[in-house]
Amino acid sequence: MRKTFNINGDCKPLLHYMVNIEDRLNEIKKMVDQGSYFTINRARQYGKTTTLRVLAEFLKNDYMVISLDFQMLGASKFRNENSFSLAFADIFIKAIESMKASDAGQQEVYSLQRALREHKSEIELLELFGYLSEFCRCSEKPVVLLIDEVDSASNNQVFLDFLAQLRGYYINRDVKATFHSVILAGVYDIKNIKRKIRRDDEHKWNSPWNIAADFQVDMSFSAADIAGMLKAYEADYRIGMDIEQIAGLIYDYTSGYPFLVSYICKLMDENKKWTREGVLAAVRILLSEQNTLFESLFNKLEDYPELEGMLCDLLLRGKEISYVVGVRSVETALMFGFVKKVENNIVIANRIFETLLYNWFLASPAMQKERIYDDIEVKKLQIGEKVLIEAVV
């Protein structure tokens, strides 16, 4: 089967050209080995799901890895503790059954299944965690819990109560059996999820996930990472591309944002233009087409008005913005991938986003009414070069 460059869903090694992320997996495994609980918070389409799925395979020799996806749970499942506990138990059991767990773990699964049948209306978080604890105690290997798409749990209190139970068992792990490590993945960090649920200032930052270790693994692709993926493509097709040049150009425009890298490679593959001109043509097409990532970014600008003002200052007014912990607009822009930190300053995440946002701001009816629009000379150079805006105010 012909491999492709994937921009839809997670990447699968047998179907898609992929960057070698073994170094990242080793870094994450060190955190798992230490028994850390942590969250992988990255912007949309940044490779979180792919990383979790490859990580589960990477860890399976040393751990029993239970991989869950909260997208499988509808909003009604978070209605109360009972509905959530039953739904969680169901997907937990199915995950174990799909792995053909050892007999030691199966007995506890049977106990949970029986409880679901006989005491369905009585099972809440306290009872659920009692069964989970017993399962972890009897497992032949330390149990690692992976939960993808925790964003699906936002705007409800039950999920926070679930985190509080995880926290309680973590703190008492010397006397109560529990998961060896827990990894959550999503765009929102737990503090921001909590901020959406509780509006009272007293509890806003008292997160039940304050046991979490910082996750500092760089998930962007370097030029060398991109080159490695292109080498695999070149080995299949022998088209004679200048791998280092093409990888460097792709990195220059994307700063290694996984979705953008894959999208450009996909366009070049379709057009069979693995040259400098092919990269520039792919960038032109990318910027002219709608895609799920761009739609998500624009939606965030509408949902979070503080973003628009900050990005306008950064792009159009040339304001230098330093990173300061806790500044809402900056933290939000970082969380959604609009910007990145460079030497403690905030800059737009990559050249493609820079051009996209310039065009969006300058085409906005509201912006055209502003004085600054008349005071800015816009010099759009040939696409493939950076769009420059020189403020003369």
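Preceding this paragraph is the structure being described.
For the structure given in this document, a descriptive report is provided here.

Cut-off values and rules
- Residues numbered from 1 in each chain as written.
- Predicted model: local features only at pLDDT ≥ 70, side-chain atom pairs only at ≥ 80, totals over all residues.
- Heavy atoms only, no water.
- Helix = DSSP H or I, 4+ residues; strand = E, 2+ residues; numbered from the N terminus.
- Buried < 20%, exposed > 50% of the residue type's maximum accessible area, 1.4 Å probe, protein only.
- Areas by Shrake-Rupley, 256 points an atom, 1.4 Å probe, with all protein chains shown as cover.
- Pairing = 2+ DSSP bridges.
- Phe/Tyr/Trp six-rings, centres within 6.5 Å; stacked < 30°, edge-to-face > 60°.
- Lys NZ or Arg CZ within 6 Å of the ring centre and 35° of its normal.
- Core = buried A, V, L, I, M, F, W, Y, C linked by side-chain atoms within 4.5 Å.
- Contact = heavy atoms within 4.5 Å.
- 1 Å grid on protein atoms, 1.4 Å probe; cavity = no way out; pocket = protein on both sides within 12 Å on 5 of 7 lines; lining within 4 Å.
- Points joined across faces, edges and corners; volume = space filled by probe spheres on them.
- Nonpolar A, V, L, I, M, F, W, Y, C, P; charged D, E, K, R; others polar.
- Axes fitted to C-alpha atoms, helices over the stretch in contact; angles between N-to-C directions.
- Parallel < 35°, antiparallel > 145°, perpendicular 65-115°, else oblique.
- Polar contact = N/O pair within 3.5 Å; in protein donor to acceptor, adjacent residues only side chain to side chain.
- Salt bridge = Lys/Arg side-chain N within 4 Å of Asp/Glu carboxyl O.
- Patch = residues over 30% accessible without salt bridge, like charges linked within 9 Å, V, L, I, M, F, W, Y side chains within 5 Å.

**A word on the overall build of the protein chain**
A tally of regular secondary structure across the protein chain gives 17 helices and eight strands. Among the 393 residues that make up the protein chain, the fraction classed as buried is 52%. In the form shown here, the protein chain has an accessible surface area of approximately 19,100 Å², with 46% of it arising from carbon and sulfur atoms.

**Some thoughts on the pairing of strand β2 (residues 64–69)**
In terms of burial, β2 is a largely internal element, five of the six residues being buried. Note: β2 against strand β3 (residues 143–148), six bridges, orientation parallel. Looking at the pairing, V65 lines up with V144 of β3.

**Re the packing of aromatic side chains**
In this description, an aromatic ring pair is defined by two values, namely the gap between the centres and the angle between the planes. All told, the structure shown has 29 aromatic pairs when counted by the stated rule. Put simply, the rings of F70, F78, F84, F88, F92, F129, F135, F159, F162, Y169 and F179 pair up and form one aromatic cluster. Positioned above the aromatic ring of Y170, the side-chain terminus of R173 is 4.0 Å from the ring centre. It is K341 that lies over the ring of Y323; its NZ or CZ is 4.2 Å from the centre.

**Section: the nonpolar core**
Among the nonpolar cores identified, the biggest contains 87 residues, and F338 and F353 are the most heavily contacted of them. Ranked by residue count, the leading element in this core is helix α10 (residues 258–271), at eight residues. Setting aside residues no more than four positions away along its own chain, F353 makes contact with Y257, L260, L293, F294, L297, G337, F338 and I348.

**Remarks on the side chain of T51**
Within the element layout of this structure, T51 appears in helix α2 (residues 48–59). Among all residues touching T51, those that are not within four sequence positions of it are I21, L25, I28 and M219.

**Some words on empty space enclosed by the protein**
Going through the model one piece at a time under the given rule, you end up with three cavities of 30 Å³ or more. Here the second largest cavity is characterised by a volume of approximately 50 Å³. Forming the boundary of the second largest cavity are A43, R44, V187, L293, S296, L297, K300 and F336. Across the lining of the second largest cavity, the residue classes break down as five nonpolar, one polar and two charged.

**Remarks on the packing of helix α13 (residues 305–315) against helix α14 (residues 328–335)**
Axis separation between α13 and α14 bottoms out at 9 Å; the angle between their running directions is 90 degrees. Relative to α14, the element α13 is oriented roughly perpendicular. Counting all contacts with α13, which are made through E306, L307 and M310, the residues of α14 involved are R328, S329, V330, T332 and A333.

**Thoughts on the side chain of S220**
Tracing the backbone through its elements, the reader meets S220 in the loop between α7 (190–197) and α8 (223–237). In terms of polar contacts, S220 uses its side chain to reach the side chain of D218, at 2.7 Å.

**Here we look at the pattern of salt bridges**
This structure, assessed with the given rule, holds 13 salt bridges. The salt bridge partner of D269 is R2, with a shortest N-O separation of 2.8 Å. Placement of D269 in helix α10 and of R2 in the segment before α1 (22–33) is noted, with a sequence separation of 267 residues between them. Note on R2: relative accessible area 40%, which makes it partly exposed. Beyond isolated ion pairs, a larger network of salt bridges with shared partners links R2, D269 and K272.

**Focus: a nonpolar patch on the surface**
Residues M1, L14 and L15 make up a contiguous nonpolar surface patch of roughly 400 Å² in combined accessible area. Assignment of secondary structure puts M1 in the segment before α1. The exposure class of M1 is exposed, given its relative accessible area of 86%.

**Notes on the environment of V54**
Note that V54 resides in helix α2. Linking V54 and P13, residues 41 residues apart in sequence, is a C-alpha distance of 9.0 Å. Those residues in contact with V54, other than ones at most four positions away along the chain, are M18, I21 and L25.

**Side note on unusual backbone geometry**
At Q45, a residue that is not glycine, the phi angle is positive and equals roughly 55 degrees. Relative to the helices and strands, Q45 resides in the loop between β1 (37–41) and α2. Although it is not a glycine, R238 sits at a positive phi angle of roughly 45 degrees. We classify R238 as exposed; its relative accessible area is 67%.

**A few points about the pairing of β1**
Counting buried positions over the five residues of β1 gives four, a clear majority of the element. Pairing of β1 with strand β4 (residues 181–186) involves five bridges; the strand directions are parallel. Bridge assignment links I40 to a residue of β4, and that residue is A185.

**Overview of the sheet that holds β1**
The strands making up a sheet associate through hydrogen bonds between their backbones, and the pairing can be parallel or antiparallel. The strand order across the open sheet formed by four strands is β1-β4-β3-β2, and the pairing between neighbours is parallel. Two strands lie at the open edges of the sheet, namely β1 and β2, each paired on one side alone. Sheet twist, expressed as the average angle between the axes of neighbouring strands with direction ignored, equals 15 degrees. Here β3 runs beside β4; their pairing, made up of four bridges, is parallel. By the bridge assignment for β4, V144 is matched with S181. Docked against the sheet, α2 engages β1, β2, β3 and β4, running at close to 165 degrees with respect to β3. Across the sheet, helix α6 (residues 157–171) lies against β1, β3 and β4, angled at about 155 degrees from β4, the strand it touches most.

Interpretation in functional terms is not warranted from these geometric data alone.
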